[in-house]
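One-letter residues, chain by chain:
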Amino acid sequence: MSGLLIILAAFFLPLFPASLVFNRLAAGIQNPLARLALFIVWPQIGVFLILWGDLAPAGPVLATWATLSAIFYAFRMLTVREVGRWAAMLASSAWPLVWLFAMQGPTEADLIAFTLAITAAPVLMLLVRDALARRLEAAYTGLHGGLARDLPRLSGVIVIATLAAMALPLFPGFFALLAVLGGATLGVAIGILLTWLLWSWAGARLLQATVFGPRSGPIAADLPVSTTWLVAGLVVVIVAAGLLWTGGAV
Amino acid sequence: MTLPLGRGLKIRSMVHMAAEPIPNFWPMRTFIHHNPLHGLEDLPFPDAVEQGEALFHGRGFLPRADYQRLLAEGRLDRDTIEERVAEALAERPALQEIGGQDLLCTLLTERREPVVTKRTVADVHDVAGALQGRPPSDQAPMDVETLADRLRGCFPAERPLYEALDLLFDTRIGETLDELLIKTCLDFFDEGQSAWKMPGREQGLFTAWSALARRNLRLFLRGLHIKRILVQSETPEGIIAYILDELGIPEDVWQDLIVRELTHMHGWAGFIRWRSTASRYYWSEEYPADLVDFLAIRLVLALALIREHARRQKMPGNRAELEALITERPAECYLRHELFTGGVLPTHAEAVEDVVARGRPAEVAAVLARYLPAKRRAEGERQALALDDLAQLAGAPSTFRELDEERLATVLDELAAFEKREGMLWLEAMEATYRRSMLGKLRLTPPEPREKRPFAQMLFCIDVRSERIRRQLETIGDYQTYGIAGFFGVPVSLIALGKGSEDHLCPVVVTPKNLVLEVATGAEKIDTDLYSSAEHLLHDLKHSVLSPYFTVEAIGLLFGFDMIGKTVAPSAYNRWRHKIESGKPSTRLMVDKLTREQADSVVRALQRVIIVRAIHQEFGIERESITDAMIRELREAAMENHVGQTAFARDFALSESAESKFIRTLQDDYRINRSYAQMQLERLGRIGFSLDEQTYFVAQALRSIGLTEQFSRFVILTGHGSQSDNNPYESALDCGACGGSHGLVSARVLAHMGNKPEVRRRLREQGIDIPDDAWFLPAFHNTTSDEIRLHDLDLLPASHLVYLERLRNGLRAAMRRTAAERLQTLEPETDPTLDAVKAARRIQRNTVDWTQVRPEWGLARNAGFIIGRRHLTEATDLAGRTFLQSYDYRVDPKGRLLESILTGPLVVGQWINMEHYFSAVDNEHYGSGSKAYHNVACRLGVITGNLSDLRTGLPSQTVLFDGLPYHDPIRLLTVIEAPFEHARTAIDGVSKVKSLVANGWVLCVILDPETGRLHRFVDGEWREEALPSADIEATDQPDAEEIPA
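Residues numbered from 1 in each chain as written. Chains lettered and ligands numbered in written order. Predicted model: local features only at pLDDT ≥ 70, side-chain atom pairs only at ≥ 80, totals over all residues.

Asks: What's the story with the overall build of chain B in this structure? I'm lost.
Replies: A count of helices and strands for chain B gives 43 helices and 19 strands. Counting only C-alpha atoms, chain B reaches 105 × 80 × 60 Å along its principal axes. Every one of the 1045 residues in chain B was classed for burial, and the buried ones make up 45%. Within chain B, contacts between residues separated by at least 24 positions form 72% of all contacts whose residues are at least 6 apart in sequence. (Helix = DSSP H or I, 4+ residues; strand = E, 2+ residues; numbered from the N terminus. Buried ≥ 20, exposed ≤ 12 C-beta atoms within 10 Å, placed from the backbone. Contact = placed C-beta atoms within 7 Å.)

Following this line, the structure appears as structure tokens:
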């Protein structure tokens, strides 16, 4: 029974090749709200499944599998140009880390919080994806660069979301990575650090292909001020929640 | 493979021809303003701009949105726009029929984007359908054979193969190739910046690089088999021929391909082009290189990269394979091209990316079948939307919807043709605004002749920055100012104190014949003090290979103090530094020609000094132990004029062999020999100017500005230069007429000549009577602070010393007033009522502030060039935008002086103007981008980041303000005050200037003082026009001094 739960969980906290299901779903759903819901709910189902199961017997195998899955999808992020798919790859690279954290015996609340923490960045990227698609027909990097000059507010949001995706300090992803690194074996820690490095590299490439450089592409309206404030508020909430969680307040 | 001589020469001449459009790039130590399209100046301006766009991918005009902003600010003439639109409309009947005047004016002034959009698959039927709301066709617009033909058209044979691969496979071979080539250039062309030098440079670029590349493990590990290519030929020409044959490039397009390869990195190519032809340039003499070497290396690397990709990723390795690929898989190639050129429909990008990654023909065909109709629809709709938007803005929404397809096609063609040429229309409107404003300010009527001579006459450079201070000087005191090219018409080659190389202090179009040597007076002690020694030691530690590792730990804190001082309180810190640093010693210039005897004596004196050092070095014998006779005898022996034992050998008991050995050492190591002495004599022969030359240059300078009488007590020759810290572009702010150097030396040279009694006597015979109490005094105008510092005061006659304080007071006051005026342009938020003293202090700070990216605006906003008498512009605020060349046609009946002004100063002014023009319209391509990302490369230029082409042109901080043009990009408006025929003949007499005027690189106006009429060169002919009117501010006549009897 436990083995079955773990295999089932591998679809929800995606481990390659079970991760193909999530990525197909993420690519297939066109409704932005439905896609957001998928990103938030999908890994939590996996969390509940592994909470019911027993990871100990398959620990070393699972750790290797999860680490390799994380590295593989982090590497795929370098080659993907559609921001929605990029967000899905980020999620597919981040969620295997839940397995590694779960093996360290956290509380139920910590595991849920950890999962939310590493889900925040892909969710922010989904918002970016929709904002880009609405203005430039598609959120495809490299077609329309240099947005910083004409769309400063949207560019600011892209930069913040990408920094979150790169798991930089203050963002919950950073503290989540510190938490999982704290209890990892040397081999796994190297794998996690490599994943982190690839996220940063992919993030830098994404910024280079969208925000910076000479402006190209059609004239488009910038993000409304009210929406910018809303996104800023959301970012503050995410950062604050991350700090509260790692500070032990929750 | 040995290449036949004829073929080698053919390749060499192809490279030479291909480099013609590439502008020379001079090392930035002496920044030379130049026209980036100098090689295309024989074409009319609009055509050259178009060709420049094709060659250098740079824009020739501002984007429409920028012109619209200038129009809103009143910097553009709306009437001219309407006139030009009407003229354009006359040739476009289809547009006329639909109310073209309003439509085109609306298009220009209200729509930011072009109205004609790019259509690759949609035709006019699709546009008409979209306009009329017809459902789009689902038919594919073309078959795959047509697609294949189009692709072949995209990749003509003269296009480098790697570009095709990059666009079809996203390989970035071009980027990698540039990086590898730039690294080679940085290694080879280094002029003392690197601690470790590239070995074998003295053998030339290609040979040195080949030797290294053959055993470069890093290249080998990347799969680049350079060696296999290099074994094909020993010579760069042979390698070029082999590679082009290997790639399957037909020989008839080699020339075009070479043009593309060289213009791809036109910064390095321009530098190599200049360097290979520069005379007496130390680095090129030591380490030769030319564009054939450069091209050969580029092609070797390109072929190696192509082969590596072809092997690893199954791509075409030559043109035949590319052709086969397009023929066999046209659909996939088309989709690849769409995706990797960025032309893909955003909504289909993901699907296209997936399908080309998998490469399955059936899937490719399916996606193409969906993609082409979608593309056709999208293009049709986008065009229709743009037309509808324009019609709405023009207040006639149905204008385009009512047109049938045939008329719509004509209208679209006419609109496209109009938009292609709209840049000239904007430019002319901008120029009209400036022309009216500037001409309206000129005062034609000469003032009454002066009864008394002025307190001082000051000669300034024609540079636009002199205009403000000249105006302020004339406003506050009895100063008469003149404008003359900053080298004062004296081409000088200078060997400065402590330097071994020559600097040419004259426009780059002139090669100086005469050499001037700067020598220390010996008034100051030149002992190396403790501070200087410590500075040298630190410098050496920083630049060696290993020492920085421990230097940072040991003394890094010292640099920290330096950094804090320079950042927090630059002015105070700099003053303190000056107190502990030893300044430059006082010097004299050797301006007079040496006689044969004098030169011989100088050589003998030098040889004696060297012999004394040699004796000390070889035997440890001090000077007091040897006599002059011994030294003379040794010298004679070394020069082979003495046979037998020398007194030195006798007194110090040297054996015959030891004596012979020492004599040989003197001859070989210390160069005391006949041939070297002869060479020294020849060099000394170049030093100085003969009396005839001195008289000629002084007379020429004075006549050219019309100063032939009423000489003041002080005739101040003001050279100029700039002072800033941490600024690789400092020399760009120096004097262009002095070859990008300071103008002080030129001023000192002319002052020396002008003060010479024998020169004055000869001038008197020519009718230029300089009174005995007139003294030519050199001065230096620091254009960053506007401070004017007087030089060579120790030579000033005692009779003049009493006037010195008055002179200094006046100069200081003018400096402060100018600083207050300029501060508003540098810091627009400054309170306009700010005290002049405080303003001067803030301006002064820019000379030492290492964080300041814009110490001064330099020549930005230059727009006019006035050749005429000062009364035309006196008391008129020209806002520091005009070159002012003094000229009085009455003293130049044959027009020779005017011709020389047109040949030198005007051409230099045009280069400066065009450099600013193109740097402002497209700073990324023709300018050098932001200074913030610049790094000095090889001590000769700057690059962006750690690897880029050499950045030519001006940085954004020089021509842009907050990302928008500060410099008004317009062509130089030249005004000549002279009788029409006199001026026209002079223009026709200088073929270069005639061509510049005829081709529209310079705008020309002749102001005839005798008829009061204005003649303007428009559309290939001179037209008489009325002078624009404007209110001229009246000024007070300054106090005057009495003219001595």
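Asks: Help me understand the sheet that holds strand 4 (residues 503-505) of chain B in this model?
Replies: Each strand in a sheet pairs with its neighbour through backbone hydrogen bonds, running either in the same direction (parallel) or in the opposite one (antiparallel). Residues and elements named next belong to chain B. On the basis of which strands lie adjacent, the open sheet formed by four strands has the order 4-3-5-6 and mixed pairing. Of all strands in the sheet, those bounded by a partner on one side alone are strand 4 and strand 6 (587-590). Ignoring which end each strand starts from, the neighbouring axes of this sheet average 30° apart. The pairing of strand 5 (residues 514-520) with strand 6 spans four bridges and is antiparallel. The residue of strand 6 that forms the bridge with Leu 517 is Met 590. (Pairing = 2+ DSSP bridges. Axes fitted to C-alpha atoms, helices over the stretch in contact; angles between N-to-C directions.)

Asks: Is there a simple way to explain the confidence of the model for chain B in this structure?
Replies: Atomic detail in the predicted coordinates should be set aside for any region of low pLDDT. Chain-level statistics for chain B give a pLDDT mean of 91 and a share of 96% at 70 or above. Under a pLDDT of 50 for its full length, residues 1031-1045 of chain B has, in the predicted model, 26 contacts with residues more than four places off or in other chains. (pLDDT = per-residue confidence, 0-100.)

Asks: How should I be thinking about the interface of chain A and chain B in this particular structure?
Replies: The parts lose accessible area when they come together, and the size of an interface is often stated as this lost area. Contact residues are listed per partner, giving 10 residues for chain A and nine residues for chain B. Among the residues forming the side of chain A that touches chain B, the class breakdown is six nonpolar, one polar and three charged. (Nonpolar A, V, L, I, M, F, W, Y, C, P; charged D, E, K, R; others polar.)

Asks: Before we go on, may I ask you to explain unusual backbone geometry in this structure?
Replies: Glycine aside, the phi torsion of most residues is negative, and most peptide linkages are trans. That bond from Phe16(A) to Pro17(A) is cis: its omega, 10°, falls within 30 degrees of zero. The topology assignment puts Pro17(A) in the loop between helix 1 (2-12) and helix 2 (19-28). We note that Ala875(B) has phi near 65°; this positive angle belongs to a residue other than glycine. Along the chain, Ala875(B) falls in the loop between strand 10 (864-868) and strand 11 (882-886). Ala875(B) gets classed as partly exposed once you count the C-beta atoms within 10 Å, which come to 16.

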